[in-house]
Every structure is written in structure tokens, then in C-alpha cells.
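Listed here are the chains, written in short residue letters.
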Amino acid sequence: MLVEEIETCLSGQERVREAWRRRLHDRKFIHREDFNAGSVGVELAHLSILACENGRFRFRLAGSGVRAAFGCEARGLCAAEIDLCKDSTMWTELAAKALARLAPVSGRTRLPDGTVHYWLRLPMSSDGVMADQVLCHDRYLPAESLDDPEAAARAADAALRLDSRLAA
């Protein structure tokens, strides 16, 4: 598994990062209540919130794209309890890195099955005082997405839409 820590690669990730940046208010992390979920549009489906609890990361929120990638509802589960997360550094180690650095961490990882996981980790706070949560943006795209990741992201969004599945 090749983990590359690189600047944001997808326009949707940049939209999430910019929405996070606008809510910093001279801090290095945002307060969870300050985040305007409506400002990220369709990217909301690919957001999750991880809470650091006794050194473990538990999902407090998981969008429909995240649930589709995992094949289950993640809310309330620890990352180690989800097959796609448990042997992966993109969830616990990189969430911990974002909290330790108090800075965004982003990149992409090619998974053993060829899927490319684009990820973004942003420090966040449950109380506005201490960074103890991580706002995550995750896209799992097919291997050929490296040729045109934006087109692959649009296709993935279309596949998530209920009305497009009903029309098929």
C-alpha cells in the first residue's frame, strides 16, 4: 500500500479545506459548531467526524459516501472496528497526525485492490478549546481515477444519488 502525503488533489477536498479555513477565527482548528456543512455541497456525503477518545478514534458522523465505501453505518464505531479502516494508516495515524500538528494532512493511497483513496484530515474541537476531533474527507475511486480524478469523483457522486439509481 503506497501512502502519499501530498497537498489536496481533488477540487472537492479543496472546497472542504477552504470551508474549514474560513471558520478558523485565528485558531489552528475549528470548533465543530462553527462548521457550515451547507458550504461544501455534494462533498458532505464524503465527510466524517472522528472523535479521539482515550487514544482511539470513534466515528461521530459519517456521510453517505463514507457509509457506501465502508458497506456499513460507521457512526458510533471505532475505526479499528471497520474492515476498510482497521489495517489502514489513513484513519487513525493520520487523524492523530492532524491533531498533533494542528494542521491539515492530505494525500492519496493506492489500496491493494487498486482503488485510490484520496483523504483529507482537518483538526477540530468539540468544545472550542481543545482539538479532540478530526473532520475527514474521503473518496475511494477506481484505479483509473489517476487519469482524471475529477471525472471519477463526479461519476461516484452520480452513483450515490438516489434519483439516478431509481431511473436506471
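Only a predicted model underlies this, so the values are computations on that prediction, with no experimental measurement involved.

Participant: I'd like a description of the overall build of the protein chain, backed by residues and values.
Facilitator: Along the protein chain, the regular secondary structure elements total 6 helices and 7 strands. Order of helices (α) and strands (β) in the protein chain, N terminus to C terminus: β-α-β-β-β-α-α-α-β-β-β-α-α. For 168 residues, the compact-globule formula gives about 15 Å, and the C-alpha radius of gyration of the protein chain, at 15 Å, lands near that figure. Expressed as lengths along the three principal axes of its C-alpha atoms, the size of the protein chain is roughly 45 × 30 × 30 Å.

Participant: Break down the pairing of strand β3 (residues 47-53) for me, citing the residues and quoting the values.
Facilitator: In terms of burial, β3 is largely enclosed, as 5 of its 7 residues are buried. Judged from the 5 bridges that link them, β3 and strand β7 (residues 131-141) form a sheet pairing that is antiparallel. The residue bridging A51 from the neighbouring strand is Q133, located in β7. Linking β3 back to strand β4 (residues 56-62) in an antiparallel pair, the connection comprises 2 residues, with N54 at a positive phi of about 55°.

Participant: Tell me about the packing of aromatic side chains, and name the residues and values.
Facilitator: In this description, an aromatic ring pair is defined by two values, namely the gap between the centres and the angle between the planes. Evaluated as defined, the whole model comprises 3 aromatic pairs. Ring geometry for F59 versus F70: centroids 5.5 Å apart, planes at 75°, classification edge-to-face. Of this pair, F59 sits in strand β4 while F70 sits in helix α2 (residues 64-70), and the two are 11 residues apart along the sequence. Both residues of the pair, F59 and F70, count as buried.

Participant: How would you summarise helix α5 (residues 149-160) if you had to cite specific residues and measurements?
Facilitator: Here α5 contains 12 residues, and its C-alpha end-to-end distance of 17 Å stays within 8% of the 16 Å for a straight helix at 1.5 Å per residue. Those residues of α5 not exposed but buried are P149, A152, A153 and D157. For α5, the angular spread of buried residues about the axis comes to 140°, placing them on one side. Where α5 is buried, its residues contact β6 (116-125) and β7.

Participant: Account for the pattern of salt bridges, with residues named and values stated.
Facilitator: Going through the model one piece at a time under the given rule, you end up with 11 salt bridges. E53 is the partner of R60 in a salt bridge, and the nearest nitrogen-oxygen pair spans 2.1 Å. By relative accessible area, R60 is classed as partly exposed at 33%. The class for E53 is partly exposed, based on a relative accessible area of 26%. Overlapping salt bridges, with partners in common, bring together R15, E43, R139 and D157 in one network.

Participant: Mind laying out the layout of surface pockets, listing which residues take part and the relevant values?
Facilitator: The calculated volume of the largest pocket comes to roughly 180 Å³. Here the residues of the lining of the largest pocket sort into 6 nonpolar, 2 polar and 3 charged.

Participant: Quick one: what's the story with helix α1 (residues 11-22), residue by residue and with numbers?
Facilitator: In this model, α1 (12 residues) spans 16 Å end to end at C-alpha, consistent with the 16 Å of a helix rising 1.5 Å per residue. Listed as buried for α1 are G12, Q13, V16, R17, A19 and W20. Within α1, the buried residues cover an arc of 160° as seen down the axis, which keeps them to one side. On the buried face of α1, the contacting elements are β2 (30-31), β3, β5 (105-110), β6 and β7.

Participant: Give me the pairing of β7: which residues, what numbers.
Facilitator: Of all 11 residues in β7, 10 are buried; the element is thus mostly enclosed. Pairing of β6 with β7 involves 10 bridges; the strand directions are antiparallel. The residue bridging S125 from the neighbouring strand is A131, located in β7. In textbook terms, the turn of a hairpin is the stretch between consecutive antiparallel strands, and for β6 and β7 this stretch comprises 5 residues, one of which, G128, has a positive phi near 80°.

Reading guide: rules and limits
- Residues numbered from 1 in each chain as written.
- Predicted model: local features only at pLDDT ≥ 70, side-chain atom pairs only at ≥ 80, totals over all residues.
- Heavy atoms only, no water.
- Helix = DSSP H or I, 4+ residues; strand = E, 2+ residues; numbered from the N terminus.
- Rg over C-alpha atoms; globule rule 2.2 N^0.38 Å.
- Buried < 20%, exposed > 50% of the residue type's maximum accessible area, 1.4 Å probe, protein only.
- Pairing = 2+ DSSP bridges.
- Phe/Tyr/Trp six-rings, centres within 6.5 Å; stacked < 30°, edge-to-face > 60°.
- Expected span 1.5 Å × (residues − 1).
- Arc of directions from axis to C-beta.
- Contact = heavy atoms within 4.5 Å.
- Salt bridge = Lys/Arg side-chain N within 4 Å of Asp/Glu carboxyl O.
- 1 Å grid on protein atoms, 1.4 Å probe; cavity = no way out; pocket = protein on both sides within 12 Å on 5 of 7 lines; lining within 4 Å.
- Points joined across faces, edges and corners; volume = space filled by probe spheres on them.
- Nonpolar A, V, L, I, M, F, W, Y, C, P; charged D, E, K, R; others polar.

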